[in-house]
Amino acid sequence: MTVLTIENLRKTFDMHILGDTQVVGLDDVSFTVDDGEFLAIVGESGSGKSSLLKCIYRAYEPSAGRVVYHGAEGDVDLVSCDDREMIQLRESAIGYTSQFLDEIPRVPAVDVVARPLREGGLSTADARERSQELLSRLKLPEELWEAYPATFSGGERQRVNLAQAIAPQPDLLLLDEPTSALDPETRQAAIDLLREYLGDGTTVVGVFHNTDVVEVIADRVAVLDEARLQRIVPVEEYEGVVVA
Ligand SMILES: Nc1ncnc2c1ncn2[C@@H]1O[C@H](COP(=O)(O)OP(=O)(O)OP(=O)(O)O)[C@@H](O)[C@H]1O
Ligand SMILES: [Mg+2]
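In what follows, the accompanying structure is described.

Cut-offs and rules
- Residues numbered from 1 in each chain as written.
- Chains lettered and ligands numbered in written order.
- Predicted model: local features only at pLDDT ≥ 70, side-chain atom pairs only at ≥ 80, totals over all residues.
- Heavy atoms only, no water.
- Buried < 20%, exposed > 50% of the residue type's maximum accessible area, 1.4 Å probe, protein only.
- Helix = DSSP H or I, 4+ residues; strand = E, 2+ residues; numbered from the N terminus.
- Near = heavy atom within 4 Å.
- Polar contact = N/O pair within 3.5 Å; in protein donor to acceptor, adjacent residues only side chain to side chain.
- Areas by Shrake-Rupley, 256 points an atom, 1.4 Å probe, with all protein chains shown as cover.
- Core = buried A, V, L, I, M, F, W, Y, C linked by side-chain atoms within 4.5 Å.
- Contact = heavy atoms within 4.5 Å.
- Pairing = 2+ DSSP bridges.
- Axes fitted to C-alpha atoms, helices over the stretch in contact; angles between N-to-C directions.
- Phe/Tyr/Trp six-rings, centres within 6.5 Å; stacked < 30°, edge-to-face > 60°.

### Concerning helix H1 (residues 49-57)
Counting buried residues in H1 gives 8 out of 9 residues, a clear majority hidden from the surface. Inspection of H1 places Lys49, Ser50, Ser51, Leu52, Leu53, Cys55, Ile56 and Tyr57 among the buried residues, and these make up the whole buried set. Positive backbone phi, approximately 65 degrees, marks arginine 58, located one or two places after H1.

Structure representation (structure tokens):
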């Protein structure tokens, strides 16, 4: 079953500061994503990977095209649905982590991760317990669980971010380079956790630079090149070398 249909997606940026020139972020991108699959998005820096995830999540308003989410309650075009519906989907079905870590409020790490679980109906105690399990699996030192992520290193923050995104096991999860700041051992722990904790219930569209990660985690690979979808292939057929 298809969970996401992307049709002729286009995103341009008007650069007034550059004398009204236009930068093309995404150009006529179309593909579908199957229920439960792990689709990796790869491509050189500036090829449009983050723009693609942002257009799906509507952090960017696409310039043209459709992004149809085939959810439990029917089809929704994420480009044209109203804000209320988009917010509801973000709360109940669609998760996202950005490439560059958002400013995190003065909340202990464990509560940052627990928040979406509490909002999903878990008791505070259960939500915190689950959060601690996730942070432990991601090898975040226990003495940091009650500390504020604002003071964390990039890799520590990235783990809090990732734990928060996967905690509620959304139906569709959009991950923008979720392991880029991790050392090889921690990265492996993150990959194992993604596989085991999310299972087949979550469809993932994830941007990755590291070819090793793509090879072990993805079902299919979409290659972007200068704003266009160059090819989308099963991981067995993917032999691209991704240059950062
Ligand atoms: N908000 C924006 N305003 C103007 N141009 C933008 C904006 N966001 C992205 N772009 C441009 O769109 C193109 C694609 O950017 P994008 O961030 O999607 O690339 P990327 O593949 O994620 O790169 P990286 O691997 O470096 O993260 C780039 O040329 C970029 O400068
Ligand atoms: Mg990017």
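### Regarding the site of ligand 1
Within the structure, ligand 1 sits among 16 residues, and Ser45, Gly46, Lys49, Ser51 and Tyr60 are positioned closest to it. Within the backbone of glycine 48, an N or O atom sits 3.0 Å from an oxygen atom of ligand 1. One of the side-chain N or O atoms of serine 51 is found 2.6 Å from an oxygen atom in ligand 1. When ligand 1 is considered free in solution it has 630 Å² of accessible area, and contact with the protein chains removes 69% of it. For the shell around ligand 1, the element with the most residues is H1, which contributes 3 residues.

### Brief notes about the nonpolar core
Counting residues in each nonpolar core, the largest one holds 43 residues, and the members touching the most others are Leu134, Leu135, Val160, Ile166, Val214 and Val221. Secondary structure elements with two or more residues in this core: strand S3 (38-43), helix H3 (109-119), helix H4 (124-137), helix H5 (154-166), strand S7 (172-176), helix H6 (184-198), helix H7 (211-217) and strand S9 (220-225). The residues contacting leucine 134, other than those within four sequence positions of it, are Val113, Ala163, Ile166, Ala167, Leu193 and Tyr197. Of all hydrophobic cores here, the second largest spans 31 residues; its members include Val3, Phe31, Leu52 and Cys55.

### Some words on the pairing of strand S1 (residues 2-15)
Across a regular strand the side chains alternate sides, sitting on one face of the sheet and then on the other. One ladder, built from 10 bridges, connects S1 with strand S2 (residues 21-34); its direction is antiparallel. Looking at S2, one finds that methionine 15 is bridged to threonine 21. Two successive antiparallel strands, S1 and S2, enclose a turn made up of 5 residues, where glycine 19 displays a positive phi of approximately 70 degrees. Here S1 runs beside strand S4 (residues 64-71); their pairing, made up of 5 bridges, is antiparallel. Within S4, the residue paired with glutamate 7 across the bridge is arginine 66.

### Some points on the sheet that holds S2
In spatial order, the strands read S2-S1-S4-S5; together these 4 strands make up an open sheet with antiparallel pairing. Unpaired on one side and paired on the other, S2 and strand S5 (74-77) mark the two borders of the sheet. Pairwise comparison of adjacent strand axes, ignoring direction, gives a mean angle of 20 degrees for this sheet. Set on the sheet, H1 makes contact with S1, S2 and S4; between it and S1 the angle comes to about 115 degrees.

### Here we look at the pairing of strand S10 (residues 228-234)
When S9 meets S10, the two strands line up antiparallel, connected through 6 bridges. In the strand pairing of S10, arginine 220 is matched with proline 234. Counting the residues between successive antiparallel strands, the hairpin from S9 to S10 contains 2 residues, one of them, glutamate 226, with a positive phi of roughly 45 degrees.

### A word on the packing of aromatic side chains
Across all of its chains, the model carries 3 aromatic pairs by this definition. Here the aromatic rings of phenylalanine 13 and tyrosine 60 are separated by 5.3 Å at their centres, their planes lie at 75 degrees, and the arrangement is edge-to-face. Of this pair, phenylalanine 13 sits in strand S1 while tyrosine 60 sits in the loop between H1 and S4, and the two are 47 residues apart along the sequence. Look at tyrosine 57 and tyrosine 96: their rings are 4.8 Å apart centre to centre, the planes differ by 25 degrees, and that puts the pair in the stacked class.

### Concerning the sheet that holds S7
Taken in spatial order, the 6 strands of this open sheet run S6-S7-S8-S3-S9-S10, and their pairing is mixed. Whereas interior strands pair on both sides, the edge strands pair on one side only; in this sheet they are strand S6 (94-97) and S10. Strand after strand, the sheet turns through a mean of 15 degrees between neighbouring axes, direction not considered. In this sheet, strand S8 (residues 203-207) lies alongside S3 in parallel orientation, the contact comprising 4 bridges. Among the inter-strand pairings, isoleucine 41 is bridged to a residue of S8, identified as valine 207. Relative to S7, H1 is tilted by about 150 degrees, and along the sheet it contacts S3, S6, S7, S8 and S9. Sheet contacts for H5: S6 and S7; angle to S7, the most-contacted strand, approximately 165 degrees.

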